[in-house]
Amino acid sequence: MKKVKLDIVGLSYSQTQSGAYALVLGEVNGRRRLPIIIGAFEAQAIAIEIEKMTPSRPLTHDLFKTFAQTYNIEIQEVLIYNLVEGVFFAKLICTDGETTHEIDARTSDAIALAVRFNAAIYTYEFILSSAGIVIEGNDFLFLENIDAIPKEQGSEDISTSIPGSNYKSLSMEELQQKLQDAIAEEAYEKAARIRDEINKRNSA
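Being a predicted model, the structure only gives us computed values, none of them experimental.

Moving on, we come to the overall build of the chain. The number of helices and strands found in the chain is 6 helices and 9 strands. Taking all 204 residues of the chain together, the buried fraction comes to 48%. Here the analysis covers contacts within the chain between residues at least 6 apart in sequence; of these, 62% occur between residues at least 24 apart. For the chain, the exposed surface amounts to about 11000 Å²; the carbon and sulfur share of it is 49%.

Set out below in structure tokens:
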């Protein structure tokens, strides 16, 4: 089957459904986007690595990377290989230099590891054709229709207890300070939201 290479376009969160995030993957040299609903923990694990934040202690995915590399195991690629009843399935293609193994993984965990190992991300054409969305220009995906977006296994249990905070009334200096405080407190989901607000203002 034909594989299609994907890049991470970004992360978006619902303004109305607290704790629900969309990981948006984009077709390399194409306009199709593949949004996947994931949990807050996995979203922050991806955001931390993309934004090059440095946690004070290793997160789970950082620990996995250190453990794997200690034994000379590398992740070559991540493959989103199936979509069944609105649920994505992914696997890690790993090697120790001599043998290659495929390991089943949740899509969000696989992507969080892919960004840490600089591994390529692929899916099959039939998945992108059935679940992909064509985005005109540089428009980003928002989550007004979050229930219509396919999910990954386990995301049905997304927590709704994460309190939303309004950062729009704060100055840039206050936002920067809150960002540093959040990182120091290891409140990475909060830090990701603050970083989103800073990025919005910088791009305005």
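Past the structure itself, the notes keep going.
Glancing now at the side chain of His 61. Mapped onto the elements, His 61 comes out in helix H2 (residues 60–70). Among residues more than four places away in sequence, those in contact with His 61 are Phe 41, Ala 45, Asp 109, Ala 112, Leu 113 and Arg 116.

Now for the confidence of the model for the chain. Residue-level pLDDT values for the chain average 81, and 80% of them are 70 or greater. Element-level pLDDT for the chain is lowest in strand E9 (residues 151–152), with a mean of 58, against a maximum mean of 97 in strand E7 (residues 120–124). Predicted confidence for residues 155–165 stays below pLDDT 50, and this span has 18 contacts to residues more than four positions away or in other chains.

Turning our attention to the nonpolar core. The nonpolar side chains of a soluble globular protein tend to be buried with one another. The biggest cluster of nonpolar side chains holds 33 residues, and the ones touching the most others in it are Leu 25, Leu 34, Ile 80 and Leu 92. Listing elements by their share of this core, those giving two or more residues are strand E1 (3–13), strand E2 (21–27), strand E3 (32–38), helix H1 (40–50), strand E4 (74–84), strand E5 (87–95), helix H3 (107–117) and helix H4 (125–131). At 6 residues, the largest contribution of residues to this core is made by H3. In this view, Leu 34 contacts Leu 6, Leu 23, Val 24, Leu 25, Ile 80, Phe 88, Ile 127, Leu 128, Ala 131 and Gly 132; residues no more than four positions away in its chain are not counted. Ala 182, Ile 183, Ile 194 and Ile 198 belong to the second largest nonpolar core, which has 12 residues in total.

Turning to a nonpolar patch on the surface, a few remarks are in order. There is a patch of nonpolar side chains on the surface, built from Phe 67, Tyr 71 and Ile 73 and spanning about 340 Å² of accessible area. In this fold, Tyr 71 is placed in the loop between H2 and E4. In this structure Tyr 71 comes out as exposed when scored by relative accessible area, which is 54%.

This brings us to the pairing of E4. Here E4 pairs with E5 via 9 bridges, running antiparallel. Bridge assignment links Glu 77 to a residue of E5, and that residue is Ile 93. Here 4 bridges tie E4 to E7, and the two strands are oriented parallel to one another. When the sheet's bridge partners are listed, Val 78 is paired in E7 with Ile 121.

This part is about the environment of Asp 181. Within the fold, Asp 181 resides in helix H5 (residues 172–184). Here Asp 181 falls in the partly exposed class, since its relative accessible area comes to 34%. In this structure the C-alpha to C-alpha distance between Asp 181 and Ala 191, which are 10 residues apart in sequence, comes to 8.5 Å.

Attention now moves to the packing of aromatic side chains. Overall, the coordinates contain 3 aromatic pairs when judged by the stated rule. Where Tyr 81 meets Phe 89, the ring centres are 6.4 Å apart and the plane angle is 50°; that geometry is what we call tilted. With centroids separated by 6.2 Å and ring planes inclined at 15°, the aromatic side chains of Tyr 124 and Phe 126 adopt a geometry described as stacked. The lysine or arginine in question, Lys 3, covers the ring of Tyr 122, its NZ or CZ lying 4.5 Å from the ring centre. The lysine or arginine in question, Lys 91, covers the ring of Tyr 81, its NZ or CZ lying 5.0 Å from the ring centre.

Definitions and limits used
Residues numbered from 1 in each chain as written. Predicted model: local features only at pLDDT ≥ 70, side-chain atom pairs only at ≥ 80, totals over all residues. Heavy atoms only, no water. Helix = DSSP H or I, 4+ residues; strand = E, 2+ residues; numbered from the N terminus. Buried < 20%, exposed > 50% of the residue type's maximum accessible area, 1.4 Å probe, protein only. Contact = heavy atoms within 4.5 Å. Areas by Shrake-Rupley, 256 points an atom, 1.4 Å probe, with all protein chains shown as cover. pLDDT = per-residue confidence, 0-100. Core = buried A, V, L, I, M, F, W, Y, C linked by side-chain atoms within 4.5 Å. Patch = residues over 30% accessible without salt bridge, like charges linked within 9 Å, V, L, I, M, F, W, Y side chains within 5 Å. Salt bridge = Lys/Arg side-chain N within 4 Å of Asp/Glu carboxyl O. Pairing = 2+ DSSP bridges. Phe/Tyr/Trp six-rings, centres within 6.5 Å; stacked < 30°, edge-to-face > 60°. Lys NZ or Arg CZ within 6 Å of the ring centre and 35° of its normal.

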